[in-house]
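Coordinate inspection notes
This is what each chain is made of:
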Number of protein chains: 2
Amino acid sequence: MDTIVIFLESKKVRPTAMRLLVYKYMAQSNVARTLGDIENAFAKADRTTLYRTLKTFEEKGIVHQVDDGTGTIKYALCEAGCNCDIGRDLHLHFHCNNCRETTCLTEHKIPQINLPDGYIAEDMNLVIKGICEHCSG
Amino acid sequence: MDTIVIFLESKKVRPTAMRLLVYKYMAQSNVARTLGDIENAFAKADRTTLYRTLKTFEEKGIVHQVDDGTGTIKYALCEAGCNCDIGRDLHLHFHCNNCRETTCLTEHKIPQINLPDGYIAEDMNLVIKGICEHCSG
DNA sequence: AAAAAAATGCACTTCTGTTGCATGGCAACT
DNA sequence: AGTTGCCATGCAACAGAAGTGCATTTTTTT
């Protein structure tokens, strides 16, 4: 528990009770979560608080947004492999068509793409949909 | 005009006035459009009609959805290079951070990605964000 | 012309994301 | 300890897009 407090402080985020809970929830999830997921997990917490908690976490490089094409934004903890701090999160995401969960494949980077003349790439997002290891087994 | 009628009929879509207008609008746009865009273009038309027109077009393989990460679904005409009919739309999309328009790069296919064991790919979506040829010139 | 089928339009709902404002709690300072 | 001020929290309300149900109009078919 203390380690989380220390971690949050190192990111310049005040370790309030709510934030600790949200962080722990994210840490024990190994998939990306929507605001709604978190809302359901903590029935008593206010949506706005959770919303702003995620915003804060995002600004401070604790979580990153995941757009998996489902139409609702998801969030996942930044990890060693994820260079969100640099602003370039180039690992890819996998969305399972069966269990509907989205996982970060932090090891797998997006390959080099060569664009037509005049196009300048600044950021990219690659989502692969299919069956995850859990559901295919 | 007649060519559009014939085309729509070949796709088993009845060529109503509204649908011809929407098709022509999509054809003259060289970028992906949201429902809202179309709504604005035809002030007198009802949103639901346009909504269902796009749904119909999508089902019949006339347009395909584009998810460019802006949070609102866009639509673009299917073209020669686009294999939407097979259910696999593997070309990539470019979203300009300057003019906010999204274009299909039908020529550019998503490269082969090898996934971890147990993951089975069925579909994928790659969006590149940056500056488009118009804005970089 | 009548019946059937399909398209359109209206109203309304839901879901997500977002902001403004009031309140409450913690922290620093006197 | 008391006061001040910042930051977090909670409530309410709004905005935008997606989607549904039903009545009405248009088109096709018989």
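Please refer to the structure placed before this passage.
Residues numbered from 1 in each chain as written. Chains lettered and ligands numbered in written order. Predicted model: local features only at pLDDT ≥ 70, side-chain atom pairs only at ≥ 80, totals over all residues. Heavy atoms only, no water.

1. Structural notes on the sheet that holds strand S5 (residues 102–109) of chain B
Note the following rule: Note on pairing: DSSP must find at least two bridges between two strands before they are called paired. Runs of E in the DSSP output that reach at least two residues are strands. Runs of H or I that reach at least four are helices, and both are numbered from the N terminus. Geometry is summarised by axes, namely lines fitted to C-alpha atoms with helices restricted to the contacting stretch, and by angles between N-to-C directions that run from 0 to 180 degrees.
Across the sheet, six strands lie side by side as S5(A)-S4(A)-S6(A)-S6(B)-S4(B)-S5(B); this open sheet has mixed pairing. Where the open sheet ends on each side, the last strands, each with one partner, are strand S5 (102–109) of chain A together with S5 of chain B. Strand-to-strand twist in this sheet, taken as the mean axis angle between neighbours without regard to direction, amounts to 30°.

2. A few points about the protein's contact with DNA strand C
Worth spelling out the cut-off: By convention in these notes, a residue is near a molecule or strand provided one of its non-hydrogen atoms lies within 4 Å of it. Nitrogen and oxygen atoms within 3.5 Å of one another constitute a polar contact, given that in protein one can donate a hydrogen and the other can accept it, and given that sequence-neighbouring residues count only through two side-chain atoms.
Every one of the 17 residues lining DNA strand C counts as a neighbour, but Arg52 of chain A together with Arg14, Thr16, Arg19 and Arg52 of chain B are closest to it. The sugar-phosphate backbone supplies 63% of the atoms of DNA strand C found within 4 Å of the protein. Arg14 of chain B has a polar side-chain atom sitting 3.1 Å from a sugar or linking oxygen of DNA strand C. Between DNA strand C and the protein, one listed contact pairs a phosphate oxygen with a side-chain N or O atom of Arg19 of chain B at 2.9 Å. Secondary structure elements with two or more residues in the surface near DNA strand C: helix H4 (47–59) of chain A together with helix H2 (17–28) and helix H4 (47–59) of chain B. Element by element, the count of residues in the surface near DNA strand C is highest for H4 of chain A, at five residues.

3. Quick notes on the side chain of Ser29 of chain B
Residue and element names in this part refer to chain B. Basically, it comes down to this: Relative accessible area decides the class of each residue, using a 1.4 Å probe on protein chains only: under 20% of the type maximum gives buried, over 50% gives exposed, and in between gives partly exposed.
Relative to the helices and strands, Ser29 is located in the loop between H2 and strand S1 (33–34). Its relative accessible area of 10% is what places Ser29 among the buried residues. Within the structure, the side chain of Ser29 is placed 2.9 Å from the backbone oxygen of Tyr25, a separation counted as a polar contact.

4. Quick notes on the packing of helix H2 (residues 17–28) of chain A against H4 of chain A
The packing of two helices is summarised by the inter-axis angle and the distance between the axes. Residues and elements named next belong to chain A. Note the threshold: The cut-offs work like this: below 35 degrees is roughly parallel, past 145 is roughly antiparallel, 65 to 115 is roughly perpendicular, and the gaps in between are oblique. Should any heavy atoms of two residues lie within 4.5 Å, those residues are counted as being in contact. Gly counts as polar in this scheme, as do all residues outside two lists: the nonpolar Ala, Val, Leu, Ile, Met, Phe, Trp, Tyr, Cys and Pro, and the charged Asp, Glu, Lys and Arg.
Taken N-terminus to C-terminus, the directions of H2 and H4 make an angle of 70°; their axes are 11 Å apart at the nearest point. Taken together, the axes of H2 and H4 are roughly perpendicular relative to one another. Mapping the contact onto sequence places Met18, Arg19, Val22 and Tyr23 in H2 and Thr49, Leu50, Thr53, Leu54, Thr56 and Phe57 in H4. Taken together, the residues of the contact of H2 with H4 break down into six nonpolar, three polar and one charged.

5. Quick word on the relation of the copies chain B and chain A
Definition in use: What sets the superposition is a least-squares fit of C-alpha atoms, and only residues with pLDDT of at least 70 in both copies go into it.
Least-squares fitting of chain B to chain A yields an RMSD of 0.1 Å, with the transformation described by 0.0 Å of translation along the axis and a rotation of 179°. The superposition operator between the copies reduces to a two-fold rotation axis. Relative to the rotation axis, the C-alpha of Leu126 of chain B is the closest in chain B, positioned 2.2 Å from it. Taken together, the interface assignments show that 100% of the residues at the interface of chain B recur at the interface of chain A, consistent with an identical surface on both copies.

6. Things to note about the interface of chain B and chain A
By convention, interface size is frequently given as the accessible area that disappears when the constituent parts associate. This is how it is decided: We define buried area as the total accessible area lost by two parts upon association, computed with a 1.4 Å probe and summed across both. For this document, the term salt bridge refers to a Lys or Arg side-chain nitrogen within 4 Å of an Asp or Glu carboxyl oxygen.
Contact with chain B, which involves 32 residues of that partner, is made by 32 residues of chain A. Of the roughly 2,700 Å² buried at the junction of chain B and chain A (both faces included), carbon and sulfur atoms supply 63%. A per-residue breakdown of the area chain B buries against chain A is headed by Ile113, Tyr119 and Ile128 of chain B, which together make up 19% of the total. Counting across the interface, chain B meets chain A through zero salt bridges. At the boundary of chain B and chain A, one finds 14 residue pairs in polar contact (both at pLDDT 80 or more). Looking at the side of chain B that touches chain A, the elements that each hand over two or more residues are strand S4 (91–96), S5, strand S6 (120–131) and helix H5 (133–136) of chain B.

Interpretation in functional terms is not warranted from these geometric data alone.
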